[in-house]
Each structure stands twice: as structure tokens, then as C-alpha cells.
Amino acid sequence: MIRRAVVTGASSGIGEATVVALRSAGWDVVGVARRRDRLEALAERTGARYFVADLTVQSEVDALAEYLAETGGVNTLVNNAGGARGLDSIENGGVEDWAWMYEVNVLAVKRVISALLPHLRESVGDGGVADIVTVSSIAGHTAYEGGGGYNAAKFATHAMLEVLRLEVSGEPIRVLEIAPGMVYTEEFSLNRFGGDKERAENVYASVPDPLVADDVARVIVSMLEQPPHVSLDLVVIKPVAQSAPHKVHRGALHVRPQDHRA
Ligand code: NJP
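Residues numbered from 1 in each chain as written. Predicted model: local features only at pLDDT ≥ 70, side-chain atom pairs only at ≥ 80, totals over all residues. Heavy atoms only, no water.

**Description of the layout of surface pockets**
If you roll a probe as big as a water molecule over the atoms, it shows you where there is empty space left. Each pocket or cavity is described by its volume, and for the second largest pocket that value is around 230 Å³. If you go around the second largest pocket, the residues you meet are V240, A241, S243, K247, V248, H249, L253, H254 and R256. When the residues that make up the lining of the second largest pocket are grouped by side-chain class, the tally is 4 nonpolar, 3 polar and 2 charged. (1 Å grid on protein atoms, 1.4 Å probe; cavity = no way out; pocket = protein on both sides within 12 Å on 5 of 7 lines; lining within 4 Å. Points joined across faces, edges and corners; volume = space filled by probe spheres on them. Nonpolar A, V, L, I, M, F, W, Y, C, P; charged D, E, K, R; others polar.)

**Some thoughts on the environment of E187**
Tracing the sequence through the fold places E187 in the loop between strand 6 (173-180) and helix 6 (188-192). Look at E187 and you get buried, because its relative accessible area is 15%. For E187 and L234, which are 47 residues apart along the polypeptide, the C-alpha to C-alpha distance reads 25 Å. Beyond its immediate chain neighbours, meaning those up to four positions away, E187 contacts S12, R35 and R38. (Helix = DSSP H or I, 4+ residues; strand = E, 2+ residues; numbered from the N terminus. Buried < 20%, exposed > 50% of the residue type's maximum accessible area, 1.4 Å probe, protein only. Contact = heavy atoms within 4.5 Å.)

**Section: the site of the ligand**
Taken together, 33 residues lie near the ligand, and R34, S137, Y150, P180 and T185 sit nearest. Contacts to the ligand include L55, whose backbone N or O atom sits 3.0 Å from a nitrogen atom. In this structure, S137 approaches the ligand through a side-chain N or O atom, which is 2.5 Å from an oxygen atom. Relative to its free-state accessible area of 900 Å², the ligand is covered by the protein chains to the extent of 95%. Put simply, the parts of the chain that give the shell around the ligand at least two residues each are helix 1 (13-24), helix 4 (95-123), helix 5 (148-167) and helix 6. In terms of residue class, the shell around the ligand is built from 14 nonpolar, 14 polar and 5 charged. (Near = heavy atom within 4 Å. Polar contact = N/O pair within 3.5 Å; in protein donor to acceptor, adjacent residues only side chain to side chain. Areas by Shrake-Rupley, 256 points an atom, 1.4 Å probe, with all protein chains shown as cover.)

**Some remarks on the pattern of salt bridges**
In this structure the tally under the stated criterion is 12 salt bridges. Two residues, E225 and R3, come together in a salt bridge whose shortest N-O distance is 3.0 Å. Of this pair, E225 sits in the loop between helix 8 (213-224) and strand 7 (234-237) while R3 is found in the segment before strand 1 (4-8), placing the two residues 222 residues apart along the sequence. A salt bridge links R165 to E162, with the shortest nitrogen-to-oxygen separation between them at 3.2 Å. Here R165 and its partner E162 are both found in helix 5, 3 residues apart, which amounts to about one turn of the helix. (Salt bridge = Lys/Arg side-chain N within 4 Å of Asp/Glu carboxyl O.)

**What about the pairing of strand 6?**
Here strand 6 lies mainly inside the structure; 8 of its 8 residues are buried. Here strand 6 shows no split at all, with I173, V175, E177 and A179 on one side and R174, L176, I178 and P180 on the other all buried. With 6 bridges joining them, strand 5 (residues 130-135) and strand 6 adopt parallel strand pairing. If you follow V135 over to strand 6, its bridge partner there is I178. Taken together, strand 5, helix 5 and strand 6 form a β-α-β motif whose crossover is right-handed. Pairing of strand 6 with strand 7 involves 4 bridges; the strand directions are parallel. Considered in strand 7, the bridge of A179 is made with V236. (Pairing = 2+ DSSP bridges. Right-handed = clockwise from strand over helix to strand, strands pointing away.)

Printed below as a string of C-alpha cells:
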């Protein structure tokens, strides 16, 4: 059975780290994103292949599927491309930001799943499984003020995966979701706040050890490398300092004296 994964959003953050981790574990990997220069550098560094595509464009997703079929097939899809825009209230949030978040976190994931499922099925040998692992968010499970558009999109991602798992029931296909909390990546918050570096840095200010991309990547590899009959349907991964999207401890962690405990 082949061990070839396609990782979307491979040009930065969690996607890039996942390509590195999978390559280190001996997988063949195809990284996908829009920025060719970053994919090229990653390919050079890791020996991964890459494919440039905007996943919100159907013809580019179709071209990706064709490329994968022609170059050895694929048995693992890591849907990681996605992101947030804005932290505005529902009343004031921009509809364009909401539309972008729905496009990239929901419709692009649906497009890629539709295009690749036939190829994933083809790759399954006797006793094997094909995998679809999707990076959602704790924002897809818990609402928070200002999260409206991102919550709506990631809740939709989660709902889609729940439906998919029912629809492939009986097939050797695992539908896996990893829902991260705060991950200190280079671009996520910068994009969320329209390039405002100070606001982006404030998200992580004084948070003791926020997750980094490698933490999520390591867990993704572990989900994929479980024995074929084990399906880690939903893995939630947060820094210890984050109890919920909206409850983050800042400053050092310490054991609370008895008279200050809840
Ligand atoms: O994000 P970032 P992270 N077509 O911005 C690509 C979720 N998450 O690694 O196209 C194709 O570094 C873009 O590449 P490019 C989050 O929602 C994160 O932090 O070249 N690709 C880039 O490689 C997301 O689903 C946190 O610009 C497109 C990648 O997507 C995933 O984790 C917390 C594309 C985004 O990389 C990765 O996040 C959480 C398109 N149209 C969930 N549009 C967190 N970081 O705190 C974008 O709960 N990309």
C-alpha cells in the first residue's frame, strides 16, 4: 500500500510543519498552496513534491486531482488550508470576511474531498485504510465573542466531517478531525488582523508556551500512524494555559494555594 499524503496549506504554519513531520516519518508528500516560492523552498528542504493551487477555484482543484492520479495516487488527505478574518461582533463584522472564511474553511475542503475521494478509494489495498484528516479548530466546537464568522465556518467544517463519516460508513476510510486551540504560527493572526503585527502578537503575549505548528504536526502524524482499525475521530489540542477559546491564562502557570482554589 502506498503512503502518500497531500497536505493543503503547506506554504506556512501547521501545513508546512506537517509536510516536514510526514517526510521525517518516511511518507511521500505533496504540499499544496498558492505561493509557489514557499512551496519550492519546502520541497528543496524536505524532498516533498508540491502543487500550486487556489483551492477556492474548482478547475485548480480538478487539476490537483489529475496531477495526483498521474504521479502515483494518494491515500491520505490532510485538509489544513484555512484561516480567520476579523474579530468583530456579528453586528459589525464584514460580510466579505465571512464569505472568505466560508470559502476557504468549508467550500474548499468540500471541493478537495469530492475531487480526491475516488483516488483515496483506489489507493486502499487489502487490510489498509485511506485517511482524510482535517484541521478544524476549537472555534468549531465552542463559540466566543467576536468569533462569529470563524465560529460559523469551523462549526460547518465540523458538521461536514460528521456527515462524511456517516456517508463512508462501511468503507475503509477514516474521517479524522484535529481541533487546535491557540497555535503560535507566523501568519494566522497576522492574516486575521489584516497585517496588524502588534495586534497579532498581542494574541500570544504572556501566554506560557502556546502550541507551535510542530506540536499539531506531530499529533497529525500520530493520528495517521495508528493501526488501521483505530480511528481518532476528534482530537482537541490546546496549550495547557488555554481552557477555552476565550479563557487563556497569561503569566506563568503555578499551583494555586489551597485557599485560592475554586
Ligand atoms: O495558518 P497559516 P495556520 N488555496 O495562515 C493556505 C487552523 N487553526 O498554519 O495559499 C490554497 O499559517 C495558505 O497558503 P497560501 C486554521 O484555521 C489555526 O496557523 O500560500 N491554500 C497557508 O499555507 C487553518 O485551517 C489556529 O497563502 C490556501 C495556509 O492556508 C489551519 O489551522 C488555531 C488558500 C494557512 O496557513 C492552519 O493554520 C485554530 C487557498 N485559497 C485553527 N488560502 C492557530 N494558528 O492559532 C489559504 O484553532 N491557504
